[in-house]
Amino acid sequence: MANGAFVPGTGDLKSTDLINAFLELAMLTQTEERIALTNEAVVTANGLTVPDNIVISANFNTDIATVTIAALPVDISLVSGNIQIEAVDYLEPINAVVPTVNNALDVTGSDLTKTNKVQALLELAQLIQVDEEVAGLNNLTLSINTDNRTASINAVFSGVPQVNASGHIEFIADNYLA
């Protein structure tokens, strides 16, 4: 039964529904991309490319947040006769040269099994897809291009922009899977 519930455990994620957990993890991953960008000289001097895979936008006039990941690199393998698709942790080699880029994700006690941000992001998208299929909804699309070895994720979530008790602006997505 689709209900959009998510157990964050005692690790890095705090959201208790799949939609907000996805937005939270997308923001955390995009933050690491931005840290890599501020260290572009070090990244490129080591023969690496500064990633710019995740685009997040929020429109406070329409109460919509979007996440677009156009070409997430993936590994595709055959395990016990089943096709397995896993995101490539493109932040890991950057972490080796810019230690402030933190690709790790503590998932202690959570519904996630992947322990880095990039792979966990694809895992969350897959969990949302399962619940959306049961509920007959399609706010998040996930497409795999086996030829290019990439995944694309496009998500559109409605929600409530607000100012929290600390005075910070936040966007709380509606758990449309509940």
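Structure first, text after, so check above.
Enquirer: I tried to follow the overall build of the protein chain on my own but got confused; where do I start?
Expert: From N to C terminus, the protein chain includes 4 helices and 6 strands. Walking the protein chain from its N terminus toward its C terminus, one meets helices and strands in the order α-α-β-β-β-α-α-β-β-β. For 178 residues, the compact-globule estimate of 2.2 N^0.38 gives 16 Å, and the protein chain sits close to it at 17 Å. In the protein chain, which comprises 178 residues, the share counted as buried stands at 39%. Long-range contacts, defined here as pairs at least 24 residues apart, represent 55% of the contacts in the protein chain between residues at least 6 apart.

Enquirer: What is the right way to look at the nonpolar core in this model?
Expert: If you look at soluble globular proteins, the nonpolar side chains tend to sit buried side by side. Residues F22, L124 and F157 are the most contacted members of the largest nonpolar core, which totals 43 residues. Contact partners of F157, with chain neighbours within four places excluded, come to I19, F22, L23, D63, I64, A65, N139, L140, F171, A173 and Y176.

Enquirer: Would you mind showing me how to read the environment of N138 here?
Expert: The residue N138 is located in the loop between α4 (117–135) and β4 (140–145) in this model. Judged by relative accessible area, N138 falls into the exposed class, the value being 52%. For the pair N138 and I128, spaced 10 residues apart in sequence, the C-alpha separation works out to 9.4 Å. Aside from chain neighbours lying at most four places away, what touches N138 is Q129 and E132.

Enquirer: What is the right way to look at the pattern of salt bridges in this model?
Expert: Two side chains bearing opposite charge may form a pair once their charged atoms approach each other closely. Under the definition given, this model contains 3 salt bridges. Of the charged contacts, one joins D52 and R34 as a salt bridge, the two residues approaching to 3.3 Å between their closest N and O atoms. Placement of the pair is D52 in the loop between α2 (40–45) and β1 (54–59) and R34 in helix α1 (residues 18–38), with a sequence separation of 18 residues. The exposure class of D52 is exposed, given its relative accessible area of 55%. In this structure, E86 engages K114 in a salt bridge whose closest nitrogen and oxygen atoms are separated by 2.6 Å. Residue E86 is located in strand β3 (residues 82–87), and its partner K114 is located in the loop between α3 (92–97) and α4; the two are separated by 28 residues in the primary sequence. On the basis of relative accessibility, which here comes to 24%, the residue E86 falls in the partly exposed class.

Enquirer: Sorry if this is basic, but what is going on with the layout of surface pockets here?
Expert: To find leftover empty space, one rolls a probe the size of a water molecule over the atoms. Of the pockets and cavities examined, the largest pocket occupies roughly 350 Å³. Taken together, 14 residues form the lining of the largest pocket, with N20, L23, E24, M27 and F171 sitting closest to its centre. Of all the elements in the fold, those that place two or more residues in the lining of the largest pocket are α1, β1 and β6 (169–173). In this structure, the second largest pocket encloses a volume near 150 Å³. Taken together, I83, Q84, I85, E86, K114, Q126, L142 and I144 make up the lining of the second largest pocket. Mapped by element, the contributors of at least two residues to the lining of the second largest pocket are β3 and β4.

Enquirer: Any chance you could explain the pairing of strand β5 (residues 150–163) here in plain terms?
Expert: In regular strands, side chains alternate between the two faces of the sheet. Looking at chain direction, strand β2 (residues 64–79) and β5 are connected through 8 bridges and run antiparallel. Residue pairing for β5: T66 is matched across the bridge by V156. Here β4 folds back onto β5, and the loop between the two strands holds 4 residues, one of which, R149, carries a positive phi near 55°. In this sheet, β6 lies alongside β5 in antiparallel orientation, the contact comprising 5 bridges. Residue Q162 lies in a different strand from β6, and its bridge partner there is E170. Counting the residues in the hairpin turn of β5 and β6 gives 5 residues, including G167, whose phi is positive at 85°.

Enquirer: Looking at this model, I keep getting lost on a nonpolar patch on the surface. Mind explaining?
Expert: Taken together, the side chains of F60, V163 and I169 present a nonpolar region at the surface, about 320 Å² in accessible area. If you trace the backbone, V163 turns up in strand β5. Owing to a relative accessible area of 59%, V163 belongs among the exposed residues under this scheme.

What counts as what
- Residues numbered from 1 in each chain as written.
- Predicted model: local features only at pLDDT ≥ 70, side-chain atom pairs only at ≥ 80, totals over all residues.
- Heavy atoms only, no water.
- Helix = DSSP H or I, 4+ residues; strand = E, 2+ residues; numbered from the N terminus.
- Rg over C-alpha atoms; globule rule 2.2 N^0.38 Å.
- Buried < 20%, exposed > 50% of the residue type's maximum accessible area, 1.4 Å probe, protein only.
- Contact = heavy atoms within 4.5 Å.
- Core = buried A, V, L, I, M, F, W, Y, C linked by side-chain atoms within 4.5 Å.
- Salt bridge = Lys/Arg side-chain N within 4 Å of Asp/Glu carboxyl O.
- 1 Å grid on protein atoms, 1.4 Å probe; cavity = no way out; pocket = protein on both sides within 12 Å on 5 of 7 lines; lining within 4 Å.
- Points joined across faces, edges and corners; volume = space filled by probe spheres on them.
- Pairing = 2+ DSSP bridges.
- Patch = residues over 30% accessible without salt bridge, like charges linked within 9 Å, V, L, I, M, F, W, Y side chains within 5 Å.
- Areas by Shrake-Rupley, 256 points an atom, 1.4 Å probe, with all protein chains shown as cover.

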